[in-house]
Amino acid sequence: MTNVILSTTDISKRFPVTQSVLSRLRGQHRLAVNALNGVSLDIIKGETLGIVGESGCGKSTLARCLVRLHDCDSGKVLFEGTDIGTLNGPARRTFNRRVQMIFQDPYSSLNPRMTVRQILAEALSVHSMRPKAQIETRIGELLGLVRLPPDAADKYPHEFSGGQRQRIGIARALSVEPEVLVADELVSALDVSVQAQVVNLLLELQDRLNLTVVFVAHDLRLVRHISHRVAVMYLGKVVEYGPTSSIFAAPQHPYTDALLRAAPEVDPSRRTRTVAARGELPSPINLPKGCLFHTRCPLAMDRCRTEIPALRPRGDGHLAACHLDTLPAKATP
Ligand SMILES: Nc1ncnc2c1ncn2[C@@H]1O[C@H](COP(=O)(O)OP(=O)(O)OP(=O)(O)O)[C@@H](O)[C@H]1O
Ligand SMILES: [Mg+2]
């Protein structure tokens, strides 16, 4: 696909688990959390790609690998076809400017001792975005872009509400004129009414500035509202992805099906009390063999216990990693 801006090819990331001296003396081999287990994704220029999945499935790790806050253990992240792991010096700085991450908690990412003016001026000067004489005007423009009043420039982060702080975080990210925004749980900590304002602002900015957005979130309703395409993750793998409408209307992976059924607000006519999937989430330290979902899948067959299913096309740009060609009408109880 020619309009792919960012992509991952089979990326994996493991985090070593701290073990006691005793277990090491006993010769037990080093344990690791398998946070990402072969993720391949294409992110198309100008789209919003939603990433969903249960807590601990690797969404934040993937987001961090996309902006190279983590280096992957294997596989590659390609930005406009170049392996970002090979970037150094000015090329790496340019990548860092063009692909920006916005964090969930602006409290921890905004320096409490700096005014908004100082925060934005710093971001503008790090990447030499404007000559000194134009910085003040640009700060005004950025505040306007995120709909904060001009006098916000003289205030400190603690003087703002959660939603306003998130707008400051967005203004800071936009100050370096990025092409891709990676938003990890951008609005999860905000009240529902404020969430909608921030999300609508993001949608408007995306349209106006032709941004590509990777939107990581728990809330399926939000993801459905904002995303052109959705990727569903389970235990560090993308099990299904494709156009939002087709994922929500006709999920092709039993895990996605269970996830949607467990979120009654998505469609009140499907209201049910089922949890995301039966049984317990396996430990990412000890991954199941074969399909990672087989231990909880109501449709598991012998083959699923031994053979890892590849992501296969299901028509209309929709892919699912399941040995079944189609799901029965009612996959979960
Ligand atoms: N820096 C780290 N060191 C050790 N383990 C980590 C680290 N970061 C993530 N993990 C582990 O990797 C797995 C994936 O975590 P990650 O934060 O990517 O999940 P997530 O999908 O973002 O979860 P949540 O929805 O709760 O934010 C988890 O088991 C987590 O404990
Ligand atoms: Mg996370």
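In this report, the structure presented in the accompanying data block is examined.

### Quick notes on the overall build of the protein chain
For the protein chain, the count of helices and strands is 11 helices and 12 strands. Over its C-alpha trace the protein chain gives a radius of gyration of 21 Å, about what one expects of a compact globule, namely 20 Å for 333 residues. Projecting the C-alpha coordinates of the protein chain onto the three principal axes gives extents of approximately 70 × 55 × 40 Å. Looking at the protein chain as a whole, 50% of its 333 residues qualify as buried. Of all intrachain contacts in the protein chain linking residues separated by at least 6 positions in sequence, the fraction that spans at least 24 positions is 66%. Put simply, the protein chain shows about 16,000 Å² of open surface, and 52% of that area lies on carbon and sulfur atoms.

### So, the pairing of strand 7 (residues 180-184)
Along strand 7, five of the five residues are buried, which leaves the element largely enclosed by surrounding structure. What you see with strand 7 is no split at all: Val 180, Val 182 and Asp 184 on one side and Leu 181 and Ala 183 on the other are buried throughout. Bridge count for strand 6 (residues 99-102) against strand 7 is four bridges, and the pairing is parallel. Residue pairing in the sheet places Met 101 in a bridge with Val 182 of strand 7. In this structure, strand 7 lies alongside strand 8 (residues 212-216), joined through five bridges in parallel fashion. Looking at strand 8, one finds that Val 180 is bridged to Thr 212. Handedness of the crossover joining strand 7 and strand 8 through helix 8 (residues 192-209) is recorded here as right-handed.

### Comments concerning the site of ligand 1
Near ligand 1 you find 13 residues, and of these Ser 55, Gly 56, Lys 59, Ser 60 and Thr 61 are the closest. Between Ser 55 and ligand 1, the recorded distance is 2.4 Å, taken from a side-chain N or O atom to an oxygen atom. With respect to ligand 1, the backbone of Cys 57 contributes an N or O atom lying 3.2 Å from an oxygen atom. Out of a free accessible area of 630 Å², ligand 1 has 63% covered by protein chains. Contributions of two or more residues to the shell around ligand 1 are made by strand 2 (32-44) and helix 2 (59-66). When residues of the shell around ligand 1 are assigned to their parent elements, the largest contribution, three residues, is made by helix 2. Of the residues assigned to the shell around ligand 1, the class counts are five nonpolar, six polar and two charged.

### Thoughts on the pairing of strand 4 (residues 74-79)
Two elements, strand 1 (residues 4-16) and strand 4, share five bridges in a ladder whose sense is antiparallel. Bridging across to strand 4, Leu 6 finds its partner in Phe 79. Inspection of the sheet shows strand 4 paired to strand 5 (residues 82-83) by two bridges, in the antiparallel sense. Each bridged residue has a counterpart across the sheet, and for Leu 78 the counterpart in strand 5 is Asp 83. Once strand 4 ends, the chain turns through two residues before running back antiparallel as strand 5, passing Glu 80 with a positive phi of about 50°.

### Here we look at the sheet that holds strand 1
Strand order in the open sheet formed by four strands is 2-1-4-5, and the pairing between neighbours is antiparallel. The open sheet has two free edges, formed respectively by strand 2 and strand 5, since each of these has just one partner strand.

### Quick notes on the nonpolar core
With 61 residues, the main nonpolar core has Leu 143, Ile 170, Leu 174, Leu 181, Leu 186 and Phe 215 as its most contacted residues. In this structure Ile 170 touches Ile 102, Val 146, Val 198, Leu 201 and Leu 205, once residues within four positions along its chain are discounted. Membership of the second largest hydrophobic core comes to 30 residues, among which are Leu 6, Ile 11, Ala 63 and Val 77.

### Concerning the environment of Leu 205
Examined against the element boundaries, Leu 205 turns out to sit in helix 8. Along the backbone, Leu 205 and Val 146 are 59 residues apart, and their C-alpha atoms lie at a distance of 8.3 Å.

Procedures and definitions
- Along each chain, numbering runs from 1 in the same order as the chain's sequence is written.
- To label them, take the chains in the order written and letter them from A, then take the ligands in the order written and number them from 1.
- Per-residue local features are limited, in this predicted model, to residues with pLDDT of at least 70; the limit for side-chain atom pairs, both in listing and counting, is 80 or more; totals at the level of whole chains, interfaces and linings are taken over all residues.
- Hydrogens and water are ignored here; the side-chain numbers use all heavy atoms of the structure.
- Every helix listed is a DSSP run of H or I at least four residues long, and every strand listed is a run of E at least two residues long, numbered separately from the N terminus.
- Radius of gyration: over C-alpha atoms. The globule rule applied is 2.2 Å multiplied by the number of residues raised to the 0.38 power.
- Between buried and exposed lies partly exposed: a residue is buried under 20% and exposed over 50% of the maximum accessible area for its type, with that area taken using a 1.4 Å probe on protein chains only.
- In this description, contact between two residues means that some pair of their heavy atoms is separated by no more than 4.5 Å.
- Residue exposure ignores everything except the shown protein chains as possible cover, and the areas themselves are Shrake-Rupley values with a 1.4 Å probe.
- Two strands form a pair only when DSSP identifies at least two bridges running between them.
- Viewed with both strands pointing away, a crossover whose connecting path from the first strand over the helix to the second turns clockwise is right-handed.
- Only a single heavy atom is needed: when it lies within 4 Å of a molecule or strand, its residue is near that molecule or strand.
- Pairs of N or O atoms are called polar contacts if they sit within 3.5 Å, as long as, within protein, a hydrogen donor faces a hydrogen acceptor (for residues adjacent in sequence, only side-chain-to-side-chain pairs).
- Put simply, Ala, Val, Leu, Ile, Met, Phe, Trp, Tyr, Cys and Pro go in the nonpolar bin, Asp, Glu, Lys and Arg in the charged bin, and everything else, Gly too, in the polar bin.
- Residues belong to a common nonpolar core when they are buried Ala, Val, Leu, Ile, Met, Phe, Trp, Tyr or Cys residues joined through side-chain atoms within 4.5 Å.

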